[in-house]
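Working through the structure, step by step
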Amino acid sequence: MNRICFHFQISQPFRLRTYRFFDINQEHDYFDEYQNHYLAQRLAERCYLPANKMMLELIKRYPDNFKLSFSISGSSIMLFKNYCPEVIDSFKKLLATGCVEITGSTYTHSIASLHGKDAFLEQVRLQEKLLKETFDVKPVSFCNTEVIYSDEIGEWLGEAGYQVVLTEGARHILGWKSPQYLYCNPYQTDVKLLLRSYRLCDDITLRFNDRSWDQYPLTAEKYLRFLDNTKSSSDAPFINLFWDYETIGEHYTEDTGIFDFFRSLVARLAAHPNYSFITPKEVLDMDISPATMHAPWPISCSGEEKDTNEWIGNVLQQEAFNQLFKLEDLYKSSKNEAAKLSWLRLQGADHFNFMSSKWFGHRFVKRNFEVYSSPYQAFINYMNVLNDIKIQLEKKK
Amino acid sequence: MKVLMFGWEFPPHISGGLGTACYGLTKGLALNGVQVTFVMPHAFGDEDENYVRIRNASDVEIDTSSAIYRELFPNATFIQVNSRLIPYVGLDGYYNVINQMGSGILEQEFEGSRRKHTFASGYGPNLMQDVNLYAQVAAEIAKQEDFDLIHAHDWLTYRAGIAAKKVSGKPLVVHIHATEFDRSGEHNLNDIVYGMEREGMSAADAVCAVSDLTRNIVIEKYGIPAEKVFTLHNAVVPSDKKIVRKKNVNEKIVTFLGRVTFQKGPDYFVETALRVLEKDPDVRFVLAGDGDMMQHIIERVAELGISDRFHFTGFLRGADIDKMFGMSDVYVMPSISEPFGISPLEAMRAKVPVVISKQSGVAEVLQHAIKVDFWDIDATADAIYGLLHYPALSKLFADKGEEEVNNLKWENVAKKLKVIYEKTLRYE
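All figures in this text were calculated on a predicted structure; none of them were measured in a lab. (Residues numbered from 1 in each chain as written. Chains lettered and ligands numbered in written order. Predicted model: local features only at pLDDT ≥ 70, side-chain atom pairs only at ≥ 80, totals over all residues. Heavy atoms only, no water.)

1. Description of the overall build of chain A
Within chain A, the regular secondary structure consists of 15 helices and 10 strands. Relative to the compact-globule value of 21 Å for 397 residues, chain A shows a C-alpha radius of gyration of 21 Å, a close match. Along the first, second and third principal axes, the C-alpha set of chain A runs to 65 × 45 × 40 Å. Counting over 397 residues, chain A shows a buried share of 62%. Look at the contacts in chain A between residues 6 or more apart in sequence, and 78% of them connect residues 24 or more apart. Surface accessibility of chain A: about 15,700 Å² in total, with carbon and sulfur atoms responsible for 47%. Separation of charge centres in chain A, based on 45 positive and 51 negative side chains, amounts to 1 Å. (Helix = DSSP H or I, 4+ residues; strand = E, 2+ residues; numbered from the N terminus. Rg over C-alpha atoms; globule rule 2.2 N^0.38 Å. Buried < 20%, exposed > 50% of the residue type's maximum accessible area, 1.4 Å probe, protein only. Contact = heavy atoms within 4.5 Å. Areas by Shrake-Rupley, 256 points an atom, 1.4 Å probe, with all protein chains shown as cover. Lys, Arg positive; Asp, Glu negative; His and termini not counted. Charge placed at Lys NZ, Arg CZ, Asp CG, Glu CD.)

See below:
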């Protein structure tokens, strides 16, 4: 029996407006309300609402055989609350079926875990609070921003009470080992790790509509064959498939057949005697002893390298990152809630993504909404905002 | 005295200091009783014509069949292509045209010989073509106009000036606002531009340079006889607009305003900022402008880890420039090579003390400015620190500086120019 774990990540950021030097200490509305409104609604219409509807139908059709999990960043939840509350309702309906798990995540799709424990756990704590308020759930599994993970991050999460962590099946960490087994943190063996089978995920994320791929067109039948082929032996129990939820309907619009693909895939898997669906926390009820996995340096789902260079690779990103977390003490002492929230939002991976030169000339699916003409423009704008936030945090100590 | 003047731009549509200087100069000449007809490739129609008559070269029809035209431009190809309408004629297409011309077929296809050239404003992608077309139009204008003397500003207009001289036989004065040595540096000279500059200076009866610095370059690098090269410093167009001193932040602000190019020394500004910030973190540095060194500068600032104290505004114009001056406590111009450099004067008029490099023409006329070598970042940092921390010093510079600038009048510059004109007309 193979367990399939479907997990979808939702991490829409609050995008920044063009914030000029002259605005510093004058204007404190850093976010592009029009853009944020427009994109949230567009994504709701094209992806979240129809995809949730589809998932709900599938759960109803296969009540005992289909389960899935989500991680929804705090910023996404706030965007939904502001601009399309019906998305929240549709998630509540999914949760009510009992077949859906919502995992913990960061509050603002933050990369704070690359900085330090305090800043990271602050994000985790705020997200827990928001999940409690919104969905009345208390997560025990965790999916970090871009599944960033290291031994240290795993330990922090263990201390915060998490028992299952989702991360990447990074080849340079695993070596000869397979991502399809259960692993645990070497220092906190209570923290179980589910590793993403990224080749299988990328077959959809990157290649679903790629006419130059020799497997094009991808059908559910063919994908099932891929799943069958990856089983090294029958005791390799897990196939963990994590995607951005926007893959369904936004990165691949409805007319590419992505919805039908998932419908058909779930139908085949649900009917198949060798497969059953699980959600991350169900791992805890299983009597499987995990192997340890060492991740001395942070890994992520980025590119082929599975490292963190996409966010703090170049000198601009490193500078922005350093300047950002220099304000951590100010954040702790400040009473200016608006500025504090803005500071949290500036930790979002997307802001750093815009400053990346890693993908120069190579449009990656994740960067569909390009707003800056260059990484340099992104850096200037970000720093202008950050400098104002600093002044605001300092003011009302 | 009537002067036919060739320029490239004129306020309010300007991209650099050249247009402003032309405006000031023509106005000054008018006050000295000199009538100027100002020709430019593309006039917008909203230029201030109180002191000068503007002629738009785009409106001028030229007759390619005339004897003068054939004599002056024997090799000109009569393909009237508005380059901006079909910007990318492929090479094949181009050679087709050339080959047909050789066989004499193509000429037959043109209706008549009269045509107009429509110039784009500014500095388009086909600048060289525009420069040559401008010369053709200039010849036509020189035939129509009545004048005593021709005056051409910067290399773009030299060919026009020469053409006008050939048509009319009147003396030519060329005016050097910047040389190729300033723009590109000694080792990256553009041969064609250098050639055109030399051609213009050699053909001219008198050469005006905006500073002694530039005059020396003209004499030494272009081999022009010293006796026909005159220094004519720039001045400032008076303005009654009051710059409001208003700051958004508590820290002192040190500003660099200009193109972010090699010539302007923006990298020295960054290194200076680091030096000052080591002593006093309560200063903000602002780099206002854009240019080909921008990426390099941003990376350097990030590398030094001072981006919480070093800001970029991008290219500024009009009201934003005034706003910037209104916020500044010190203005720095660390130019490596600056023929004149008018922006420190604008800063001083806004009561902002200035630190300027000795390698700038404006250093020759200013008393109330701190002058340093562009490469001496310690001295520059020292000067900035002094101006920020010793109010007596900065107040002196602010007050005296404003007074000094207000005494730099275009009227006086024009008076000197008139003397040069008179000398030239007497062929002394």
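2. Examining the nonpolar core
The biggest cluster of nonpolar side chains holds 266 residues, and the ones touching the most others in it are Phe-6, Tyr-223 and Tyr-245 of chain A. In contact with Phe-6 of chain A, other than residues within four places in its own chain, are Phe-66, Lys-67, Leu-68, Ser-69, Leu-241, Trp-243, Phe-262, Leu-265, Val-266, Leu-269, Phe-277 and Ile-278 of chain A. (Core = buried A, V, L, I, M, F, W, Y, C linked by side-chain atoms within 4.5 Å.)

3. Brief notes about the interface of chain B and chain A
Across the contact, 26 residues belong to chain B and 19 residues belong to chain A. Here chain B and chain A share an interface that buries about 2,000 Å² over both sides, 58% of which is from carbon and sulfur atoms. Remark: the boundary between chain B and chain A carries 2 salt bridges. Between Asp-308 of chain B and Lys-390 of chain A there is a salt bridge, with the nearest N and O atoms lying 3.5 Å from each other. For the pair chain B and chain A, the interface holds 10 residue pairs in polar contact (both at pLDDT 80 or more). Going through the elements one at a time, strand 11 (283-288), helix 10 (294-304), strand 12 (310-314) and helix 11 (319-327) of chain B are the ones with two or more residues in the side of chain B that touches chain A. Among the elements that make up the side of chain B that touches chain A, the one with the highest residue count is helix 10 of chain B (7 residues). (Buried area = accessible area lost by both parts, 1.4 Å probe. Salt bridge = Lys/Arg side-chain N within 4 Å of Asp/Glu carboxyl O. Polar contact = N/O pair within 3.5 Å; in protein donor to acceptor, adjacent residues only side chain to side chain.)

4. Quick look at the environment of Val-260 of chain B
Summarising the element assignment, Val-260 of chain B is placed in the loop between strand 10 (252-257) and helix 9 (266-279). With 36 residues separating them along the chain, Val-260 of chain B and His-296 of chain B place their C-alpha atoms 9.9 Å apart.

5. Some points on unusual backbone geometry
With an omega dihedral of -5 degrees, the bond running from Tyr-216 of chain A to Pro-217 of chain A counts as a cis peptide bond. On the secondary structure map, Pro-217 of chain A appears in the loop between helix 7 (198-205) and helix 8 (220-230). Of note, the amide linkage connecting Pro-11 of chain B to Pro-12 of chain B takes the cis form, showing an omega dihedral of 10 degrees. As for its position among the elements, Pro-12 of chain B is in the loop between strand 1 (2-6) and helix 1 (17-31). The backbone phi angle of Glu-146 of chain A is positive, close to 50 degrees, even though this residue is not glycine. Relative to the elements of secondary structure, Glu-146 of chain A occurs in the loop between strand 4 (141-143) and helix 5 (151-159). Non-glycine residue Lys-351 of chain B carries a positive phi angle of around 65 degrees. Among the structural elements, Lys-351 of chain B can be located in the loop between helix 12 (343-349) and strand 14 (354-357).

6. Brief notes about the packing of aromatic side chains
All names here are of chain A. Summed over the entire model, instances satisfying the criterion amount to 50 aromatic pairs over all chains. Look at Phe-21 and Phe-22: their rings are 5.7 Å apart centre to centre, the planes differ by 65 degrees, and that puts the pair in the edge-to-face class. Taking the relative accessible area as the measure of exposure, Phe-22 reaches 4% and is therefore buried. Measuring from ring centre to ring centre gives 5.7 Å for Tyr-223 and Phe-261, while their planes differ by 75 degrees; the resulting arrangement is edge-to-face. Of this pair, Tyr-223 sits in helix 8 while Phe-261 sits in helix 9 (residues 258-271); the two residues are 38 residues apart in sequence, bridging distant segments of the chain. (Phe/Tyr/Trp six-rings, centres within 6.5 Å; stacked < 30°, edge-to-face > 60°.)

7. Section: the pattern of salt bridges
Tallied over the full model, the rule gives 39 salt bridges over all chains. Of the charged contacts, one joins Asp-378 of chain B and Arg-275 of chain B as a salt bridge, the two residues approaching to 2.9 Å between their closest N and O atoms. On the criterion of sequence distance, the pair formed by Asp-378 of chain B in helix 13 (residues 377-389) and Arg-275 of chain B in helix 9 is long-range, its members being 103 residues apart. On the basis of relative accessibility, which here comes to 46%, the residue Asp-378 of chain B falls in the partly exposed class. A relative accessible area of 30% places Arg-275 of chain B in the partly exposed class. Across the salt bridge formed by Glu-303 of chain B and Arg-300 of chain B, the nearest N and O atoms sit 2.8 Å from each other. With Glu-303 of chain B and Arg-300 of chain B both in helix 10, this residue pair falls 3 residues apart, about one helical turn. Judged by relative accessible area, Arg-300 of chain B falls into the partly exposed class, the value being 26%. In the salt-bridge network here, residues are joined through shared partners; they are Glu-168, Arg-196, Asp-202 and Lys-306 of chain A.

8. Concerning the pairing of strand 11 of chain B
All names here are of chain B. For strand 11, the buried fraction is high: 6 of the 6 residues fall into the buried class. Burial along strand 11 is two-sided: the residues Val-283, Phe-285 and Leu-287 and Arg-284, Val-286 and Ala-288 are all buried. Where strand 10 meets strand 11, 6 bridges bridge the pair, whose relative direction is parallel. Residue pairing for strand 11: Lys-252 is matched across the bridge by Val-283. (Pairing = 2+ DSSP bridges.)

9. Side note on the environment of Val-365 of chain B
As for its placement among the helices and strands, Val-365 of chain B is situated in the loop between strand 14 and strand 15 (370-372). Once the C-alpha coordinates of Val-365 of chain B and His-233 of chain B are considered, the two residues, 132 residues apart in sequence, prove to be 7.7 Å apart.

10. Let's talk about the packing of helix 11 (residues 315-325) of chain A against helix 15 (residues 375-395) of chain A
Residues and elements named next belong to chain A. Interaxial distance between helix 11 and helix 15 falls to 10 Å at its minimum, and their mutual angle equals 10 degrees. Here helix 15 runs roughly parallel to helix 11, going by the angle between their axes. Of helix 15, the residues touching helix 11 (which contributes Leu-316, Glu-319, Ala-320, Gln-323 and Leu-324) are Pro-375, Tyr-376, Phe-379, Tyr-382, Met-383 and Leu-386. Residue composition of the contact of helix 11 with helix 15, grouped by class: 9 nonpolar, 1 polar and 1 charged. (Axes fitted to C-alpha atoms, helices over the stretch in contact; angles between N-to-C directions. Parallel < 35°, antiparallel > 145°, perpendicular 65-115°, else oblique. Nonpolar A, V, L, I, M, F, W, Y, C, P; charged D, E, K, R; others polar.)

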